[in-house]
Amino acid sequence: MSEVVRQHPAFKYMRKQFLPHIWCPGCGNGLILAAIIRAIDELGIDIDETSFVTGIGCWGLTGNYINADWLHTTHGRALPMATGLKLMNPKLKVFALTGDGDLAAIGGNHFIHAARRNVDLITICSNNMIFGRTGGQVAPTTPEGKYASTSPYGNIERPFDLCRLAEAAGATHVERWTVMHPVPLTKAIKKAIEHKGFSFIEVLSPCPVQYGRKNKFRNPSVLYNWVKEQSVSIKKAQDMSEQELEGKFIIGEFVKKENIPDLSAQLLKLQESFENKS
Amino acid sequence: MRISGRQFLQGNEAVVEAAIAAGCRFFAGYPITPASEIAETMAIRMPQEKGIFIQMEDELASLSAVIGASWAGAKAMTATSGPGFSLMQENIGMAVMTETPCVIVDVQRSGPSSGQATRAAQGDLMQAKWGSHGDYELIVIYPNSVQELYDKTIEAFNLAEKYRTPVILLSDEIIAHMRENIYIPETLDIIERKRPRPEDKEHFLPWKPDDDGIPPMAKFGDGFKVMVENNTHDATGRTNQTDAALHTQLINRLCNKILNAKKDIVKTEGLFLDDAELVVVSCGCVSRSALEAVKMARQKGIKAGYFRLITIWPFADEQLIEVAGATKKMLVAEMNTGKLLREVKRVVDPYGVQVNHLPKIGGAYHTPGEILASIEKAVNENE
Ligand SMILES: Cc1ncc(C[n+]2csc(CCOP(=O)(O)OP(=O)(O)O)c2C)c(N)n1
Ligand code: SF4
């Protein structure tokens with residue numbers, strides 16, 4: 001490592017001894033990690049006031065690299081574990097980092113309930129549209145017709161729209177970006193950190209090794225370009241027909257509701273109602 | 001405010017009041033008969049005690065939230081019955097692996113599957129120990145009265161904190177729904193988990209044990225930057241899943257911190273054992289009939305003895321061997337088709353003790369008369 005690399009501004013937030021990271025060359029996850037660290041740095045947050053709760057999967061390994069308290073949960077359980085942590089210590093800024101399989105397959109029930117409860121969590125889902133860690137099996141986010149090791153003839157199921165799901169379940173801050181939008185992504189994470197309530201940031205994160213290979217994307221840049229080309233801003237999408245939007249990824253801010261009390265605030269109010277009585 | 005003095009409580013209520021007295025300030029659960037009164041009473045009591053009650057979406061989430069709360073520094077608990085207990089098994093393993101103190105109450109009902117929702121059983125004795133995958137030890141306690149549900153809930157929290165382990169408090173539909181007079185003392189001995197010293201922050205190794213095999217537990221947000229890794233990990237928390245020696249060392253430590261402390265952990269109860277020709281072995285609700293049956297036998301001049309397991313796991317091998325040394329026959333009475341029997345035989349077979357069995361399923365516990373009849377039959381056999 002050169003002197004320049006060793007002094008990278010992100011390093012003060014990282015477990016340097018864990019680098020180089022474990023992700024494959026061309027994986028989008030490092031770009032999301034960079035955005036998280038930029039957001040923390042730009043807001044000037046003390047890393048000791050943050051906690052990271054991650055699921056199982058490639059994205060779940062992110063906790064290794066951030067030098068903060070980290071709870072590596074069982075597959076799918078990042079959100080309920082983060083809920084217990086946050087409720088017992090509302091001062092902590094709790095990040096729940098969860099893959100699309102982790103969040104929407106095995107943990108799908110927890111996702112809608114955490115959103116409904118408006119737990120004050122910063123939930124960041126790395127959506128690579130496939131199960132990366134276990135070798136490229138189909139996910140509830142795999143587009144129709146796309147290939148995975150368990151959809152060898154093309155996916156015959158319809159995928160979830162995670163942001164619309166979060167919105168319908170009651171999340172008070174919802175955004176979708178791709179790793180090719182580092183500036184708005186960082187801004188979205190900053191907004192999520194400052195938001196009081198359930199923030200859901202979905203990030204389309206190319207997985208060249210599993211998704212890319214199985215779907216004939218010759219190299220990572222072809223896959224990155226495809227994700228970028230399929231992305232349509234939420235504003236532009238408003239003027240597009242359903243057919244035009246078929247297979248597109250709508251990016252931007254879906255929901256930002258202020259003044260809806262988060263669960264910790266509600267619980268505190270309940271506790272205080274007894275203090276006043278005694 | 002915690003209650004004290006004479007109280008008339010239901011078993012499930014006693015668990016709640018004891019949990020509060022032990023310092024529990026977080027409860028997450030999902031309703032299920034016959035455990036629901038624990039959640040319902042917690043919903044009333046927790047906010048009054050500046051604690052948190054949350055009804056989660058299922059039992060997977062319930063134990064998950066408890067684990068998260070424990071890392072925020074709370075004493076935390078959940079309560080369920082068979083179907084929910086089955087759903088919790090993966091996270092019980094996670095609590096073992098991450099040495100997360102917590103208390104899990106399993107109010108037993110009949111199974112398998114939804115079984116008899118409102119009927120008692122003792123079918124989870126083995127699941128409580130072996131339900132999660134892999135090799136591990138934990139602590140399982142099974143009281144037999146409302147008083148003991150209170151006392152042992154306190155003990156469950158103390159042991160969880162002391163040994164940094166999940167503790168399972170077994171109950172059953174009978175003792176959970178029974179109402180009895182109990183006495184709650186003014187002062188109680190309460191144990192808190194070991195904490196790392198702030199001055200050790202810079203070089204803290206979260207998984208380096210002290211001499212007792214137990215590492216001090218940091219609290220999230222205190223600046224220790226702990227890695228709580230449920231994969232096999234080294235003293236720093238970093239995972240290494242290919243190093244056989246590391247895995248062996250970690251698992252042995254996790255098991256031995258419990259097994260080496262059996263003297264402190266394991267509790268049993270015995271009566272009329274000095275001259276007993278036959279000893280009735282039981283636990284939980286069945287032990288109440290067993291004691292009555294033994295007394296009836298004594299009145300008839302039969303030298304019967306009574307032995308009860310209060311701690312189910314780790315198993316009371318040493319105590320049972322002592323009993324086996326002084327008797328020829330044992331009778332295991334239990335509300336399942338032979339779980340305690342298997343374990344008792346494992347321990348006493350080498351001592352030439354003849355073990356008879358009195359299983360009963362269907363929801364009703366043995367009457368003293370049923371057990372007495374079995375005592376008489378066993379005593380008269382081979383004579
Ligand atoms: C209960 C359970 N079932 C299955 C697995 C195996 N498993 C590990 S990660 C994973 C899926 C990961 O996919 P995703 O959440 O999308 O994360 P990615 O690896 O793509 O980042 C699965 C099925 C597991 N660890 N636990
Ligand atoms: S398998 Fe895919 S998601 Fe996982 S590290 Fe490799 S490229 Fe990234």
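Every value quoted in this text rests on a predicted model; they were computed, and no experiment measured them. (Residues numbered from 1 in each chain as written. Chains lettered and ligands numbered in written order. Predicted model: local features only at pLDDT ≥ 70, side-chain atom pairs only at ≥ 80, totals over all residues. Heavy atoms only, no water.)

For the rest of this paragraph, the subject is the sheet that holds strand S4 (residues 122-127) of chain A. Strand pairing in a sheet relies on backbone hydrogen bonds, with the paired strands running either antiparallel or parallel. Within the open sheet, the nine strands sit side by side as S7(A)-S8(A)-S5(A)-S6(A)-S4(A)-S3(A)-S1(A)-S2(A)-S9(B). Their pairing is mixed. Edge positions in the open sheet fall to strand S7 (231-233) of chain A together with strand S9 (227-228) of chain B, since each of these has one partner strand only. Direction of pairing for strand S2 (residues 69-72) of chain A relative to S9(B): parallel, over a ladder of two bridges. The residue bridging A:Leu71 from the neighbouring strand is B:Val228, located in S9(B). (Pairing = 2+ DSSP bridges. Helix = DSSP H or I, 4+ residues; strand = E, 2+ residues; numbered from the N terminus.)

The next thing to look at is the packing of helix H10 (residues 286-299) of chain B against helix H13 (residues 368-380) of chain B. Residues and elements named next belong to chain B. The geometry of H10 relative to H13 is characterised by a closest axis approach of 8 Å and an angle of 55° between their N-to-C directions. Accordingly, the angle class assigned to the pair H10 and H13 is oblique. As for the relative orientation of H10 and H13, their crossing is right-handed in sense. Across from Val286, Ser289, Ala290, Glu292, Ala293, Val294, Met296 and Ala297 in H10, the residues of H13 making contact are Pro368, Ile371, Leu372 and Ile375. Its residues placed into classes, the contact of H10 with H13 shows 10 nonpolar, one polar and one charged. (Axes fitted to C-alpha atoms, helices over the stretch in contact; angles between N-to-C directions. Parallel < 35°, antiparallel > 145°, perpendicular 65-115°, else oblique. Left-handed = near helix turned anticlockwise from the far one by under 90°. Contact = heavy atoms within 4.5 Å. Nonpolar A, V, L, I, M, F, W, Y, C, P; charged D, E, K, R; others polar.)

With that settled, the discussion passes to the nonpolar core. Counting residues in hydrophobic clusters, the biggest one holds 166 residues, and the most contacted among them are B:Phe26, B:Met77, B:Met330 and B:Ile375. Summarising the domain contributions, this core has at least three residues from each of domain 1 (5-184) and domain 2 (269-381) of chain B. Counting 50 residues, the second largest nonpolar core, distinct from the first, contains A:Tyr13, A:Ile47, A:Tyr65 and A:Ala148. (Core = buried A, V, L, I, M, F, W, Y, C linked by side-chain atoms within 4.5 Å. Buried < 20%, exposed > 50% of the residue type's maximum accessible area, 1.4 Å probe, protein only. Domains from an automatic or database assignment.)

Before going further, it helps to spend a moment on the site of ligand 2. Near ligand 2 you find A:Trp23, A:Cys24, A:Cys27, A:Cys58, A:Asn128, A:Gly132, A:Cys207, A:Pro208 and A:Gln210, and these make up its full shell. Of the residues in the shell around ligand 2, the class split is six nonpolar, three polar and no charged. (Near = heavy atom within 4 Å.)

Attention now goes to the sheet that holds strand S14 (residues 329-334) of chain B. All names here are of chain B. One open sheet holds the five strands; their spatial order is S10-S12-S11-S14-S15, and the pairing between them is mixed. Of all the strands in the sheet, the pair left with one neighbour each is strand S10 (268-271) and strand S15 (354-359). Direction aside, neighbouring strands of the sheet carry axes that sit 20° apart on average. Pairing geometry for strand S11 (residues 278-282) and S14, over four bridges, is parallel.

Here we come to the interface of chain A and chain B. Each side of the interface is counted separately: chain A has 37 residues, and chain B has 40 residues. Across the chain A to chain B interface the summed buried area is about 3,400 Å²; carbon plus sulfur atoms make up 60%. Contact with chain B buries area across many residues of chain A, yet A:Asp69, A:Met88 and A:Gln271 alone supply 18% of it, more than any other trio. One can count three salt bridges joining chain A with chain B. One salt bridge in this structure joins B:Glu57 and A:Arg117, with 2.8 Å as the shortest N-O distance. Where chain A meets chain B, there are 19 residue pairs in polar contact (both at pLDDT 80 or more). The element that contributes the greatest number of residues to the side of chain A that touches chain B is helix H3 (residues 78-88) of chain A, accounting for seven residues. Across the side of chain A that touches chain B, the residue classes tally to 16 nonpolar, 15 polar and six charged. (Buried area = accessible area lost by both parts, 1.4 Å probe. Salt bridge = Lys/Arg side-chain N within 4 Å of Asp/Glu carboxyl O. Polar contact = N/O pair within 3.5 Å; in protein donor to acceptor, adjacent residues only side chain to side chain.)

Distances and angles like these do not, on their own, reveal function.
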